[in-house]
Amino acid sequence: MTSDISFSLSAKEIQSDLNTTFLGKEIHVFQELGSTNDLAKELALQGAPSGTAVLANRQTKGRGRMGRPFVSPPGVGIYLSILLRPTLPPFRLPIITLASGVAVAKAIWKVTQLKISLKWPNDLLLKEKKAGGILTEGKIEDNKMSFLVIGIGLNVNTEMSQFPDDLLPLVTSLRIEKGQLCSRVDIVREILRQMEETYLQLETGQEEAILKDWSAISATLGKWIRVSSPTGLMEGLAERVDEKGALILQKKDGETVRVTAGEVTILKDAQ
Ligand code: BTN
């Protein structure tokens, strides 16, 4: 692993020795954007090819799931959106999101030897604290995915002082956990490689392998959790993810619930 404290990322540097077939062939890097996901969606509507990547050194309106902001200070994080044009039907969307988490976790392990765990659906955790997350957005037309944007946010060299006070107990960065600077370029390059590999696995029907990988690094399965979902609050044991990427929850009263959307809190005390 090389250290980088360079302020800017460069497409040329990322693409050197990338060796992917389509992912990252076109990379757009900006000093500052509102949100890389917004720009990637605009490029998608203008006909940009599948595999196009958008990166910003800083985001002023970085978004997370459930409309939450994603803190994106300059020069220290990875704020990356990848445009895909999947041939898979829209009901496969949740699996693509889980698969992206697996790909990012593998990339981080390869470059830094830090072990990410995944909180359903896609929070990237290090020692139970959030080091990043994934926001998948897209457009479905005539029951087909016209395009998909996988937005990946990672706190790489972020210091505690760069997070707002209310997040301090909940967040971390690769640098904090590793105790040294981590190379954003090396991590971005590896994410692009792993994303391509995982995406091709999905397109060739290897969902089972992806779900197995996801389950192996899950921070959620086997835990008592609380889910805040559009239909309300519930608690139970997170048993497994099904073939469509939904979380299967076993409630205290024995009822099994299939959760397709919501925010998970891992409860410390098993009930
Ligand atoms: C989450 O934690 O809920 C998901 C965070 C996703 C953040 C990334 S940063 C790149 C892309 N652009 C955004 O505005 N959001 C995603």
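Scroll up to find the structure this text is about.
Structural notes, computed from the coordinates.

Some details on the side chain of Arg-184
- Tracing the backbone shows Arg-184 in helix 5 (residues 184–203).
- Within the local environment of Arg-184, its side chain forms a polar contact with the backbone oxygen of Gly-75, the two atoms lying 3.4 Å apart.

A look at the packing of helix 3 (residues 93–112) against helix 5
- Between helix 3 and helix 5, the least distance of the axes is 8 Å, while the angle of their chain directions is 140 degrees. The angle between helix 3 and helix 5 falls in the class oblique. The way helix 3 lies across helix 5 gives a crossing that is right-handed. For the pair formed by helix 3 and helix 5, the contact residues are Ile-95, Ile-96, Ala-99, Ser-100, Ala-103, Val-104, Lys-106, Ala-107, Ile-108, Lys-110, Val-111 and Thr-112 on the first element and Asp-186, Ile-187, Glu-190, Ile-191, Gln-194, Met-195, Thr-198 and Leu-202 on the second.
- Of the residues belonging to the contact of helix 3 with helix 5, the class tally is 12 nonpolar, four polar and four charged.

Focus: the sheet that holds strand 1 (residues 27–30)
- Ordered by their spatial adjacency, seven strands build an open sheet running 1-2-3-7-6-5-4, and the pairing between neighbours is mixed. The open sheet has two edge strands with one neighbour each: strand 1 and strand 4 (117–119). Within the sheet, the average angular offset between the axes of one strand and its neighbour, ignoring direction, is 20 degrees.
- As defined by bridge partners, strand 4 adjoins strand 5 (residues 123–126) across three bridges and the pair is classed as antiparallel. Residue pairing in the sheet places Ser-117 in a bridge with Leu-125 of strand 5.
- On the sheet, helix 2 (residues 36–45) packs against strand 1, strand 2 (53–56), strand 3 (77–84), strand 6 (129–141) and strand 7 (144–155) and is oriented at approximately 155 degrees with respect to strand 7.
- Relative to strand 7, helix 3 is tilted by about 35 degrees, and along the sheet it contacts strand 4, strand 5, strand 6 and strand 7.

Brief notes about the sheet that holds strand 10 (residues 247–250)
- Spatially, the five strands line up as an open sheet ordered 11-10-9-8-12, and their pairing is antiparallel. Lying at the two open borders of the sheet, with one neighbouring strand each, are strand 11 (256–259) and strand 12 (263–266). The mean inter-strand angle of the sheet, taken between neighbouring strand axes irrespective of direction, is 45 degrees.

Some thoughts on the packing of aromatic side chains
- What the rule picks out here adds up to two aromatic pairs.
- Look at Phe-70 and Tyr-79: their rings are 6.5 Å apart centre to centre, the planes differ by 70 degrees, and that puts the pair in the edge-to-face class. Comparing Phe-70 with Tyr-79 shows no difference in burial state: the two are buried.

Structural notes on the nonpolar core
- If you look at the biggest cluster of nonpolar residues, it comprises 63 residues, and the most contacted ones within it are Leu-154, Leu-174, Ile-187, Ile-191, Leu-192 and Leu-247.
- Here the element with the most residues in this core is helix 3; it accounts for 11 residues.
- Beyond its immediate stretch of four places on either side in the chain, Ile-191 contacts Leu-80, Val-104, Ala-107, Ile-152 and Leu-154.
- Core analysis: the next-biggest nonpolar cluster, separate from the first, contains 11 residues, Leu-33, Val-54, Ala-56 and Val-149 among them.

Some details on unusual backbone geometry
- In the segment running from Trp-120 into Pro-121, the intervening peptide bond is cis, with an omega of 0 degrees.
- Position of Pro-121 relative to the elements: it lies in the loop between strand 4 and strand 5.
- One non-glycine residue, Asp-17, lies in positive phi territory at about 70 degrees.
- With relative accessibility at 55%, the residue Asp-17 sits in the exposed group.
- Unusually for a residue other than glycine, Glu-128 sits at a positive phi of about 70 degrees.
- Mapped onto the elements, Glu-128 comes out in the loop between strand 5 and strand 6.

As for helix 6 (residues 207–216)
- If you check which residues of helix 6 are buried, you get Glu-207, Ile-210, Leu-211 and Trp-214. Seen end-on, helix 6 carries its buried residues on one side only, within an arc spanning 95 degrees. Along helix 6, exposed side chains directed more than 90 degrees from the buried face belong to Glu-208, Lys-212 and Ala-216.
- Among the structural elements, helix 3, strand 4, helix 5 and strand 9 (232–241) are those in contact with the buried residues of helix 6.

Cut-offs and rules
Residues numbered from 1 in each chain as written. Predicted model: local features only at pLDDT ≥ 70, side-chain atom pairs only at ≥ 80, totals over all residues. Heavy atoms only, no water. Helix = DSSP H or I, 4+ residues; strand = E, 2+ residues; numbered from the N terminus. Polar contact = N/O pair within 3.5 Å; in protein donor to acceptor, adjacent residues only side chain to side chain. Axes fitted to C-alpha atoms, helices over the stretch in contact; angles between N-to-C directions. Parallel < 35°, antiparallel > 145°, perpendicular 65-115°, else oblique. Left-handed = near helix turned anticlockwise from the far one by under 90°. Contact = heavy atoms within 4.5 Å. Nonpolar A, V, L, I, M, F, W, Y, C, P; charged D, E, K, R; others polar. Pairing = 2+ DSSP bridges. Phe/Tyr/Trp six-rings, centres within 6.5 Å; stacked < 30°, edge-to-face > 60°. Buried < 20%, exposed > 50% of the residue type's maximum accessible area, 1.4 Å probe, protein only. Core = buried A, V, L, I, M, F, W, Y, C linked by side-chain atoms within 4.5 Å. Arc of directions from axis to C-beta.

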